[in-house]
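Chains, contacts and geometry: an overview
Here is what each chain is made of, one letter per residue.
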Amino acid sequence: MARTLRQAGFETWCVGGAVRDALLGEAHLDWDLATAATPTQVRKLFRRTVPVGIEFGTIGVFDRDHRMHEVTTFRRDVKTDGRHAVVEFGASLDEDLARRDFTINAIAYDPIDHRLHDPFGGQVDLTRRVVRAVGDAEARLREDRLRALRAIRFAARFGFDIDHDTWQAIVGSAPFLTRLSPERVKQELEKTMAQVLAPSTAFVRWRDAGAFASLVPTLAHIDTRTLRAIDALPRPGLLGRPLRKTLRFAALFSEAGGKQTERALRDLRFSNQDIANVSALVDRWSRYAPTLTEMLSEGTLPDDAGLRRLAAGVGRLRVAAFVRLAAARWSAAGAVQPSLVRRLHRRIITMAFREPIELADLAVDGDDLRSAGIATGPALGRTLHALLQVVIENPALNSREALLKIARTHEPPSETDCRSA
Ligand code: ATP
Ligand code: MG
């Protein structure tokens, strides 16, 4: 691809993340190219192209293995407003590299003659393991506030430090981060969760820089231990992708309570599905964590009825995720014996899937109660709930005869009783 462009007379280089990752010894499948050719010229040279971002000069070109590579015309920024830039073509490679965010992302590689072009010292920073802005940090972060969050993500992803001036510029950017669109912020959070093995190292910096205070106020003072729970969750590969994301976000918000979490995720434009999954877990954690943590740190597990009550409160399909979240929190706090957590896990899963803990598990349903003349209307629901409580305490009573008998002898509490209780 680079050869085709070069043979047509256009200077062409590999740039960006792929060069950085290759120098770090990591394989990268999507090589991006920067070229002197204009988008129109690029489209003439290749058969299969897609206009990925024509106005910024980016054309997607497919290689023989049907992989898409971004081919972008050398460009310079002529105007910036804290996020969007107006770009101009006809720039040189050096100008193109100068508009990139960090030195480690501003190294060019010539795939034909195998040489590197690195005018900003990106290789030195890769060896020193620092993220450093290209040029004047304060000015570069002012041009595009997203760079503050990108710097933190790259540093956490590679276990790098952040250069002193760049860090000062990140701190200085924090009050202005509110100008980023919620979608962008959500994307940064998601990329951090997906790319960084130990996300707490990124989020400690979000907190310390003041990024949480600006963007997710409920996390402004989150403590490091809570953040470490994210790292303590099972490694990727052990969990499916959606579950891993739900758990990572639930750990991040685990001290915020269900309501605050719901609000924060809604403000960040998370999907309804994500909001429901994450905030339900956080809600159950805040409800059950105090007693459960106390019991387990004293070395005891709830008895069978206690485990059934817990499983019923958490919800059968959430039990596994709940225990993983709890295990991560306890492991980060060093509060509970891991062997005890494993026992809790085994036993509560067994309970949740073998024993009656939900209305649908009862040996009687509303129709049974109605046709036996026991209850109608709103009383019906109250009776069923009361029967479920009985069965959770003693599953042996979950038979039709036993439950009908109980329902007949025990009048369900009336609405007024409930209120006065
Ligand atoms: P990843 O592996 O996460 O994709 P990447 O370095 O390829 O990392 P991208 O977001 O794909 O990151 O961007 C590609 C390149 O474009 C970067 O390496 C950088 O040179 C440049 N770039 C991207 N975003 C910005 C930005 N906001 N400001 C300046 N340069 C940027
Ligand atoms: Mg990339």
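**Digging into the pairing of strand β3 (residues 49-53)**
Pairing between β3 and strand β4 (residues 58-62): three bridges, direction antiparallel. Bridge pairing in β4 links glycine 53 to threonine 58. Between β3 and β4, which pair antiparallel one after the other, the connecting turn spans four residues, and glycine 57 there sits at a positive phi close to 90°.

**Regarding the packing of aromatic side chains**
All told, the structure shown has 10 aromatic pairs when counted by the stated rule. Ring centres of phenylalanine 154 and phenylalanine 158 lie 6.4 Å apart, and the angle between their planes is 5°; on these two criteria the pair is classed as stacked. With phenylalanine 154 and phenylalanine 158 both in helix α7 (residues 146-158) and four residues apart, the pair spans about one turn of that helix. Exposure remark for phenylalanine 154: the relative accessible area of 4% places this residue in the buried category. Taken together, the ring pairs in this structure connect Phe102, Phe154, Phe158 and Phe160 into an aromatic cluster. Seen from the ring of phenylalanine 62, arginine 48 lies directly overhead, with NZ or CZ sitting 4.7 Å from the centre. Lysine 186 extends its terminal NZ or CZ atom over the ring of phenylalanine 270, reaching a point 5.4 Å from the ring centre.

**Points about the packing of helix α12 (residues 224-232) against helix α13 (residues 241-252)**
Packing of α12 against α13 brings their axes to within 8 Å, and their N-to-C directions diverge by 170°. What the angle tells us is that α12 and α13 run roughly antiparallel. Mapping the contact onto sequence places Thr226, Leu227, Ala229 and Ile230 in α12 and Arg248, Ala251 and Leu252 in α13. Of the residues belonging to the contact of α12 with α13, the class tally is five nonpolar, one polar and one charged.

**With respect to the domain arrangement of the protein**
Annotation of the protein at the domain level lists domain 1 (1-128), domain 2 (135-219), domain 3 (223-355) and domain 4 (362-420). Relative placement of domain 2 and domain 4: their C-alpha centres are 55 Å apart.

**Quick look at the packing of helix α10 (residues 200-209) against α12**
Between α10 and α12, whose axes approach to 8 Å, the crossing angle comes to 150°. Relative to α12, α10 is oriented roughly antiparallel. Here α10 and α12 pass one another in a crossing that is right-handed. Between α10, through Ser200, Phe203, Val204 and Arg207, and α12, the contact on the second element is made entirely by Thr224, Leu227, Arg228, Ile230 and Asp231. Partitioning the contact of α10 with α12 into residue classes produces four nonpolar, two polar and three charged.

**So, the site of ligand 1**
Arg20, Asp144, Arg147, Arg150 and Arg157 are the nearest of the 16 residues found near ligand 1. The contact in question runs from an oxygen atom of ligand 1 to an N or O atom on the side chain of arginine 20, over 2.7 Å. Between a nitrogen atom of ligand 1 and a main-chain N or O atom of aspartate 101, the distance comes to 3.1 Å. For the shell around ligand 1, the elements supplying multiple residues, two or more each, are α2 (17-23) and α7. The dominant element in the shell around ligand 1, judged by the number of residues it contributes, is α7, at five residues. Of the residues contributing to the shell around ligand 1, the split by class is one nonpolar, five polar and 10 charged. Two domains each donate at least three residues to the shell around ligand 1, and these are domain 1 (1-128) and domain 2 (135-219).

**Description of the confidence of the model for the protein**
Should the pLDDT be low somewhere, the predicted coordinates at that spot are not to be read in detail. Across the protein, the average pLDDT comes to 92, with 96% of residues at or above 70. In this model residues 415-421 is a low-confidence stretch, pLDDT under 50, and it forms three contacts with partners more than four residues away in sequence or in other chains.

**Side note on the pattern of salt bridges**
Across all of its chains, the model carries 36 salt bridges by this definition. Across the pair aspartate 274 and lysine 245 runs a salt bridge whose closest N-O atoms are separated by 3.0 Å. Of the two residues, aspartate 274 sits in helix α15 (residues 272-297) while lysine 245 sits in helix α13, which places them 29 residues apart along the sequence. Judged by its relative accessible area of 16%, aspartate 274 is buried.

Criteria and thresholds
Residues numbered from 1 in each chain as written. Chains lettered and ligands numbered in written order. Predicted model: local features only at pLDDT ≥ 70, side-chain atom pairs only at ≥ 80, totals over all residues. Heavy atoms only, no water. Pairing = 2+ DSSP bridges. Helix = DSSP H or I, 4+ residues; strand = E, 2+ residues; numbered from the N terminus. Phe/Tyr/Trp six-rings, centres within 6.5 Å; stacked < 30°, edge-to-face > 60°. Buried < 20%, exposed > 50% of the residue type's maximum accessible area, 1.4 Å probe, protein only. Lys NZ or Arg CZ within 6 Å of the ring centre and 35° of its normal. Axes fitted to C-alpha atoms, helices over the stretch in contact; angles between N-to-C directions. Parallel < 35°, antiparallel > 145°, perpendicular 65-115°, else oblique. Contact = heavy atoms within 4.5 Å. Nonpolar A, V, L, I, M, F, W, Y, C, P; charged D, E, K, R; others polar. Domains from an automatic or database assignment. Left-handed = near helix turned anticlockwise from the far one by under 90°. Near = heavy atom within 4 Å. Polar contact = N/O pair within 3.5 Å; in protein donor to acceptor, adjacent residues only side chain to side chain. pLDDT = per-residue confidence, 0-100. Salt bridge = Lys/Arg side-chain N within 4 Å of Asp/Glu carboxyl O.

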